[in-house]
Amino acid sequence: MCRAAQGANTVYQVYGSQGLRQARLAGFDAEADIAVFMRRGLHGVQPSDWDAFLEFLDAHFGHSE
């Protein structure tokens, strides 16, 4: 997953974006155009997954209440 995100950087740069700004899996950066979120534990969706997903969406598409 992380290598795929790193590989996508080239395409993002062609279109003027920085893409992935994380040097490693730690340090989820919701503001980046490509972000990788990893957590400890088993497969399956956890509340922290939703929190990270919604943080990414808010950073890129705004937040309306």
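Data block above holds the structure.
None of these values were measured; they are calculated from a predicted model.

Undergrad: A description of helix α1 (residues 2–14) should follow, citing residues and the corresponding values.
TA: Two residues of an α-helix separated by three or four positions point the same way, owing to the 3.6 residues in each turn. For α1, the principal kink sits at A8 and spans about 30 degrees. The complete set of buried residues in α1 reads C2, A5 and N9. Immediately downstream of α1, the backbone of G16 shows phi near 85 degrees, a positive value.

Undergrad: Which residues make up the side chain of S17, and what values do they have?
TA: Here S17 lies in the loop between α1 and α2 (47–61). What S17 contacts, discounting residues up to four positions off in sequence, is Y12 and D33.

Undergrad: Quick one: what's the story with the side chain of N9, residue by residue and with numbers?
TA: Positionally, N9 belongs in helix α1. Since its relative accessible area comes to 15%, N9 is described here as buried. Residues within four places of N9 in sequence aside, it is in contact with Q18, G19, L20 and I34.

Undergrad: Before we move on, could you go through a nonpolar patch on the surface and cite the residues and values that matter?
TA: Taken together, V11, Y12, V14 and Y15 make up a surface patch of nonpolar side chains, about 470 Å² in accessible area. Topologically, V11 is positioned in helix α1. A relative accessible area of 49% places V11 in the partly exposed class.

Undergrad: Please give an account of the packing of aromatic side chains that cites residues and values.
TA: Scanning all chains against the criterion turns up two aromatic pairs. Both rings, one in F28 and one in F37, keep their centres 5.6 Å apart while their planes meet at 75 degrees; by these two values the pair is edge-to-face. Both rings, one in W50 and one in F53, keep their centres 5.8 Å apart while their planes meet at 80 degrees; by these two values the pair is edge-to-face. Remark: F53 and W50 occur in helix α2; sequence separation between them is three residues, near one turn of the helix. Among the residues examined, W50 registers a relative accessible area of 48% and is labelled partly exposed.

Undergrad: Describe the pattern of salt bridges, with residues and values.
TA: By the definition in use, this model includes two salt bridges. The partner of R39 in a salt bridge is D49, and the shortest N-O contact between them spans 2.8 Å. Here the residue R39 occupies a position in the loop between α1 and α2, and D49 occupies one in helix α2, the gap between them amounting to 10 residues. With relative accessibility at 25%, the residue R39 sits in the partly exposed group.

What counts and how
- Residues numbered from 1 in each chain as written.
- Predicted model: local features only at pLDDT ≥ 70, side-chain atom pairs only at ≥ 80, totals over all residues.
- Heavy atoms only, no water.
- Bend = angle between axes of the 7 residues up to and from the residue.
- Helix = DSSP H or I, 4+ residues; strand = E, 2+ residues; numbered from the N terminus.
- Buried < 20%, exposed > 50% of the residue type's maximum accessible area, 1.4 Å probe, protein only.
- Contact = heavy atoms within 4.5 Å.
- Patch = residues over 30% accessible without salt bridge, like charges linked within 9 Å, V, L, I, M, F, W, Y side chains within 5 Å.
- Areas by Shrake-Rupley, 256 points an atom, 1.4 Å probe, with all protein chains shown as cover.
- Salt bridge = Lys/Arg side-chain N within 4 Å of Asp/Glu carboxyl O.
- Phe/Tyr/Trp six-rings, centres within 6.5 Å; stacked < 30°, edge-to-face > 60°.

Structural measurements only, silent on function.
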